[in-house]
Structure formats: structure tokens, C-alpha cells
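Structure assessment
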Amino acid sequence: MKYHKVYDLIENGSSEWIFPAIGITFIAFGIVFIVFRGWLYPSALQSLTFAFVGFGILWTILALFFTTFSHNKLSKALRENRCLITEGVVTEFNPMPLSGHGYESFIVSGNKFQYSDYIISPGFRKTQAHGGTVRKGVYVRVYYVGNDIARLEIGSPRK
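Residues numbered from 1 in each chain as written. Predicted model: local features only at pLDDT ≥ 70, side-chain atom pairs only at ≥ 80, totals over all residues. Heavy atoms only, no water.

Before going further, it helps to examine helix 2 (residues 18-35). The first and last C-alpha atoms of helix 2 sit 26 Å apart over 18 residues, in line with the 26 Å expected at 1.5 Å per residue. Along helix 2, the positions that sit buried rather than exposed are Pro20, Gly23, Ile27, Gly30 and Ile34. Projected onto a plane normal to the axis of helix 2, the buried residues spread over an arc of 80° and lie on a single side. (Helix = DSSP H or I, 4+ residues; strand = E, 2+ residues; numbered from the N terminus. Expected span 1.5 Å × (residues − 1). Buried < 20%, exposed > 50% of the residue type's maximum accessible area, 1.4 Å probe, protein only. Arc of directions from axis to C-beta.)

Below you can see the structure in the form of C-alpha cells.
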């Protein structure tokens, strides 16, 4: 079997930047409200503006901590060869609904994997609806910890 790597956490880096970016957006809007507070709204709402910025700072710090921690933990397991490995034919493939915000799942050699484009997690999560390569009947090799896929390879017969 010849394998083609379609996802590698270390090579792809983190795709979880959107979660902390939400907090940065709150901070940016809060700063704009503070700078232009005399023109935008009455002074009675000033404390609300500072709470807005405080919430943004707290959100960003917590989001960076949790996403960085989970990403580093999984990438360290992959680098140190501590990931479990399973390979075989994808069975019971259930694509994410085209309407979105659901899960996609599949089973390989008795191991079930579930992921979504809309869930923050450090591993592979590109669904078929958004260009993912997992399909029923495809031969794969999966490096994983828990439900997080650190590396995904698609197999094809050698010629």
C-alpha cells in the first residue's frame, strides 16, 4: 500500500485562530467605543464599554490558552510517536449534512472518529462538504489520540 498524506497537524499548523480572533474583535470594537465615546453614546454607557473590552481580553486569553494547550499536546504526541495508529477501509461513513453544523463520522478497524468544521479541536476536521477526502470504502491510516486525528493518510495500491 502506498500512502498519500492529506493532513498532518505539525505541517499544517493550527487552524484554531478563529476562536481567539473573536475576542480580539470584541477588544477592537471596545477600543473604538472608548476612543469615540463622546460622539457615539451617552456617558451612562461607559462602564458597559469597559466591560466589553474586559470580556474581549478574557475571551482571548482563555481561547489562546485552551487552543494552544490542546494543539501542543496533540502535536507533541505525534512528534514523540505516542499516537495510536489504525488503518483499514473506511466504513459507516456519515458525512456532515450539507445544511451544516453537524458532525461527520467514520469507522476504521473498529475505531470511530467524529469531527466537524464548526467544532474547535486541534486535529483533522475537514468534512466532505468542505473538500475533505474521507469517503466510504477508502483505505486510510489514522494517527490519533482520543478522537483527535493528528495525521491522516489515504492509501492506494502500489503499481
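Anyway, onward from the coordinates.
Here we take up the environment of asparagine 147. With respect to the element layout, asparagine 147 can be found in the loop between strand 5 (139-145) and strand 6 (148-156). Between the C-alpha atoms of asparagine 147 and glycine 123, which are 24 residues apart in sequence, the distance is 8.6 Å. The residues touching asparagine 147, leaving out its near neighbours within four places in the chain, are Lys112, Phe113 and Gln114. Reaching out from asparagine 147, the side chain makes a polar contact with the backbone oxygen of glutamine 114 at a distance of 2.5 Å. (Contact = heavy atoms within 4.5 Å. Polar contact = N/O pair within 3.5 Å; in protein donor to acceptor, adjacent residues only side chain to side chain.)

Turning next to the side chain of threonine 67. Inspection of the secondary structure assignment puts threonine 67 in helix 4 (residues 46-79). Within the structure, the side chain of threonine 67 is placed 3.5 Å from the backbone oxygen of leucine 64, a separation counted as a polar contact.

What follows covers the nonpolar core. Counting 23 residues, the largest nonpolar core has Phe106, Val134, Val140, Val142 and Leu152 as its most contacted members. Of all the elements in the fold, those that place two or more residues in this core are helix 4, strand 2 (84-94), strand 3 (104-108), strand 4 (111-115), strand 5 and strand 6. Ignoring anything within four residues of it in the chain, the contact list for valine 134 reads Val90, Phe93, Phe106, Tyr115, Phe124, Gln128 and Leu152. (Core = buried A, V, L, I, M, F, W, Y, C linked by side-chain atoms within 4.5 Å.)

Before going further, it helps to examine the pairing of strand 6. With respect to burial, strand 6 is a largely interior element, seven of its nine residues being buried. For strand 1 (residues 2-8) and strand 6, the ladder comprises six bridges, and the chain directions are antiparallel. Directly across from lysine 5, in strand 6, lies its bridge partner glutamate 153. Judged from the seven bridges that link them, strand 5 and strand 6 form a sheet pairing that is antiparallel. When the bridges of strand 6 are listed, valine 142 appears paired with leucine 152. With antiparallel pairing between neighbouring strands as the criterion, strand 5 and strand 6 make up a hairpin whose turn holds two residues, including glycine 146 at a positive phi of roughly 65°. (Pairing = 2+ DSSP bridges.)

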